[in-house]
Amino acid sequence: AQYATSPSFGDSNAPNSVIIDFYKHWCGFASCRTFAECDRYNWSEAENRAVRRAMEKENTNERRKVRFKYNADIQDLANFLKKRDPRMVEVRRLASLKEEEDALKKLEEKKRKQEEYKKQKEAWKEQQAAMMEEEEANYTGGVRLADEEDGGRGKRNKKGK
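Trainee: Honestly, the pattern of salt bridges in this entry has me stumped. Any pointers?
Mentor: Summed over the entire model, instances satisfying the criterion amount to ten salt bridges. Here Arg40 makes a salt bridge to Glu62, at a shortest N to O gap of 3.6 Å. Of this pair, Arg40 sits in the loop between helix 1 (16-27) and helix 2 (49-84) while Glu62 is found in helix 2, placing the two residues 22 residues apart along the sequence. Between Glu116 and Arg112 there is a salt bridge, with the nearest N and O atoms lying 3.0 Å from each other. One end of the pair is Glu116 and the other is Arg112, both in helix 3 (residues 86-138) and four residues apart, which spans about a single turn. We classify Glu116 as partly exposed; its relative accessible area is 38%. By relative accessible area, which is 41% here, Arg112 ends up partly exposed. Among the charged side chains, a salt-bridge network with shared partners connects Glu109, Arg112 and Glu116.

Trainee: What is the right way to look at the packing of aromatic side chains in this model?
Mentor: Both the distance between ring centres and the angle between the ring planes are used here to describe each pair of aromatic rings. Summed over the entire model, instances satisfying the criterion amount to five aromatic pairs. On the basis of an interplanar angle of 85° and a centroid distance of 5.0 Å, the ring pair of Phe22 and Tyr23 is categorised as edge-to-face. The pair Phe22 / Tyr23 is uniform in exposure class, with both members buried. Where Phe35 meets Tyr70, the ring centres are 5.5 Å apart and the plane angle is 65°; that geometry is what we call edge-to-face. On the criterion of sequence distance, the pair formed by Phe35 in the loop between helix 1 and helix 2 and Tyr70 in helix 2 is long-range, its members being 35 residues apart. For Phe35, a relative accessible area of 2% corresponds to the buried category. Overall, Tyr70 belongs to the partly exposed group, its relative accessible area being 30%. Joined through ring pairs, the aromatic side chains of Trp26, Phe29, Phe35 and Tyr70 make up one cluster. Here the basic side chain of Arg33 rests over the ring of Phe35, its NZ or CZ set 4.2 Å away from the ring centre. Over the ring of Phe9 we find Arg87; its NZ or CZ atom is 4.2 Å from the centre of that ring.

What counts, and at which threshold
Throughout, a residue's number is its position along its own chain's written sequence, starting from 1. The predicted nature of this model means local features are confined to residues of pLDDT at least 70 and side-chain atom pairs, given and counted, to a pLDDT of 80 or more, with totals for whole chains, interfaces and linings taken over all residues. Think of the side-chain values as coming from all heavy atoms in the structure, minus any hydrogens and water. Take a side-chain nitrogen of Lys or Arg and a carboxyl oxygen of Asp or Glu: if they are within 4 Å of each other, that pair is a salt bridge. Helix and strand definitions follow DSSP, with helices as H or I runs of at least four residues and strands as E runs of at least two, each counted in order from the N terminus. When accessible area is computed with a 1.4 Å probe and restricted to protein chains, residues below 20% of their type maximum are described as buried, those above 50% as exposed, and intermediate ones as partly exposed. Aromatic pairs are defined between Phe, Tyr and Trp rings, using the six-membered ring for Trp, whenever the two ring centres lie within 6.5 Å; interplanar angles under 30 degrees are classed as stacked, those over 60 as edge-to-face, and all others as tilted. In this analysis the charged atom, NZ for Lys or CZ for Arg, is taken to sit over a ring once it is within 6 Å of the ring centre and within 35 degrees of the ring normal.

This is the structure:
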């Protein structure tokens, strides 16, 4: 198994990135140990294949339980330290300021888009009004040729013919 190097704990003057990396690593810790020392049975002493498989299954379950408890203990310790680390107060404060700043930017962007939409809508309404005025000015009051051909009933109502 390849062992990953764990990040440094840092000191009181460590940058926030070092602190965050340290707690991210240890709060999400997963051991790569095999925990073979926790085996209950030595499967090589089994009488036959069925017994050996049963022994392996129980050993596997025991290893899984011990690994889970070990990982949980390390993660709990890291979370305990994280709650009490005075450097994390500054990290949390900066994170909340960034969240507020992002929320303000998002709100401003939303307002800007609403204003842009309103301007486009007004421009479209003015354009439509200008087109209607132009059509009314160009209207001669005459009858369309299509209206006279079908008797004024339109294409859909041809039952009378």
